[in-house]
Amino acid sequence: MFSAPAITHPALPLPVGNTPTCWIGETFTSGRHGFWAKLEGANPGGIKDRAALHIIERARARGDLAPGAMVVESTSGTFGLGLALAGITYGHPITVVSDPGMEAIVHRLLTAYGTTVETVGHPHPVGGWQQARLDRVDELLREHPGAYYPNQYDNPDNVEAYTGLARELIAQLGRIDVLVCSVGTGGHSAGIARELRRFYPDMRLIGVDAVGSVIFGQPARTRLMRGLGSSIHPRNIARDAFDEVHWVAPHEAVWACRRLAATHYATGGWSVGAVATVAAWCARTMQPSTRIAAVFPDGPSRYYTSVFDDDYCAAHDLLDRPPADEPEEIQCPAEAEVTRWTRCVTGVKR
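Note that the coordinates shown come from a computational prediction; the quantities given were computed from them, not determined experimentally. (Residues numbered from 1 in each chain as written. Predicted model: local features only at pLDDT ≥ 70, side-chain atom pairs only at ≥ 80, totals over all residues. Heavy atoms only, no water.)

## Overview of the packing of helix 8 (residues 250–264) against helix 9 (residues 270–285)
Thought 1: Contact geometry of helix 8 with helix 9 gives a least axis separation of 7 Å together with a crossing angle of 90°. With respect to helix 9, the element helix 8 is oriented roughly perpendicular. Contacts between helix 8 and helix 9 pair Pro-250, Glu-252, Ala-253, Val-254, Ala-256, Cys-257 and Leu-260 from the former with Trp-270, Val-272, Gly-273, Ala-274, Ala-276 and Thr-277 from the latter.
Thought 2: Partitioning the contact of helix 8 with helix 9 into residue classes produces 10 nonpolar, 2 polar and 1 charged. (Axes fitted to C-alpha atoms, helices over the stretch in contact; angles between N-to-C directions. Helix = DSSP H or I, 4+ residues; strand = E, 2+ residues; numbered from the N terminus. Parallel < 35°, antiparallel > 145°, perpendicular 65-115°, else oblique. Contact = heavy atoms within 4.5 Å. Nonpolar A, V, L, I, M, F, W, Y, C, P; charged D, E, K, R; others polar.)

So this is what it looks like as structure tokens:
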């Protein structure tokens, strides 16, 4: 139906898009049951290369971003890597604001790519590290008139950026019955689902959130996992699009990441582990003919000091604690505070 070429630009150093899919089956699932994983770690920096390039391109086309002007953004890491690529491609200095949870390898890569990294020192009393980062972004924008703020949390260009990914899935898989996506800024879940439902209007969208995230009505708690979940309420999250939501805990994501690595050589970080936990359950409990696509946002390399570090995992009690065979279930997000893999089908569209 589609041929989906990689994103190209005369100055783009590396191709973005046209990433492969991989069948995840035995021994991660069972029998003929399995799901297709879209391996966005094949992009130079991960899935958010797509959003960063698209947002910067559109801002330049509208005149919101002047040639050579500074770009300032809040990020836990992956979007920062995408902005670094966009800055090199389009000739913009990039400043990202992060927090002490940013992995050392990401920080060092960003500086190697010419990006300035600012690290906030204390979490906001209500909005945590995320709000603290946003407050510093506001300060930098006041200090640098003419600087551009991509605002990945609320910018509709973030959603539009993933139309191409959806078309790649159609070209690679044909029919898609179920889409499983992690949810953070809400960009890729909203953008992919919107385009896929043009062709498959009955497709089910399953969101995967982190324990301790406020996105779907749970109380804010300190979160170990990065890349999914939020301490704020991004406007890009298309709540009405979700058919159900699952929350996953860090030890469950770690088990899935390591199991994927050992059985399929296709793995990644927190978001990948959380998504795989839910997609594998979907594969086990749905008819074998159900075609399930799961988006793996990145690869494993940046998680060598967390997910794949035995000392780190032992210190946080994350080792050898596989998910239960089935999620707990709640009727609405306000019913109970979740602490492990939990599913909610009703009350998420609000």
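## Looking at helix 9
Thought 1: Its 16 residues give helix 9 an end-to-end C-alpha distance of 23 Å, which sits within 8% of 22 Å, the value for a rise of 1.5 Å per residue.
Thought 2: For helix 9, a buried count of 14 out of 16 residues is recorded, marking the element as mostly surrounded by other parts of the structure. (Expected span 1.5 Å × (residues − 1). Buried < 20%, exposed > 50% of the residue type's maximum accessible area, 1.4 Å probe, protein only.)

## A closer look at the UniProt feature "domain: Tryptophan synthase beta chain-like PALP" (unreviewed entry) in the chain
Thought 1: Residues annotated in UniProt with the feature "domain: Tryptophan synthase beta chain-like PALP" (unreviewed entry) correspond here to residues 15–298.
Thought 2: Helix makes up 40% of residues 15–298 and strand 15%, with an end-to-end C-alpha separation of 15 Å. (UniProt positions renumbered as here; feature names shortened; annotations may be inferred.)

## Remarks on the nonpolar core
Thought 1: Membership of the largest hydrophobic core comes to 56 residues, with the highest contact counts inside it found for Leu-169, Leu-179, Ile-192 and Leu-196.
Thought 2: In terms of residues, this core owes the most to one element, helix 2 (residues 78–90), which gives 7 residues.
Thought 3: With 39 residues, the next largest nonpolar core counts Trp-270, Val-275, Ala-294 and Phe-296 among its residues. (Core = buried A, V, L, I, M, F, W, Y, C linked by side-chain atoms within 4.5 Å.)

## What about unusual backbone geometry?
Thought 1: Following Glu-26, the chain continues into Thr-27 via a peptide bond in cis, with omega recorded as 0°.
Thought 2: Locating Thr-27 in the fold gives a position in the loop between strand 1 (21–24) and strand 2 (35–39).
Thought 3: If you check the backbone angles, Asn-18 has positive phi at about 55° while not being a glycine.
Thought 4: Locating Asn-18 in the fold gives a position in the segment before strand 1.
Thought 5: A relative accessible area of 46% places Asn-18 in the partly exposed class.
Thought 6: Of note, Asn-151 is a non-glycine position whose phi angle comes to about 50°, a positive value.
Thought 7: Within the secondary structure, Asn-151 is located in the loop between helix 4 (128–143) and helix 5 (156–160).

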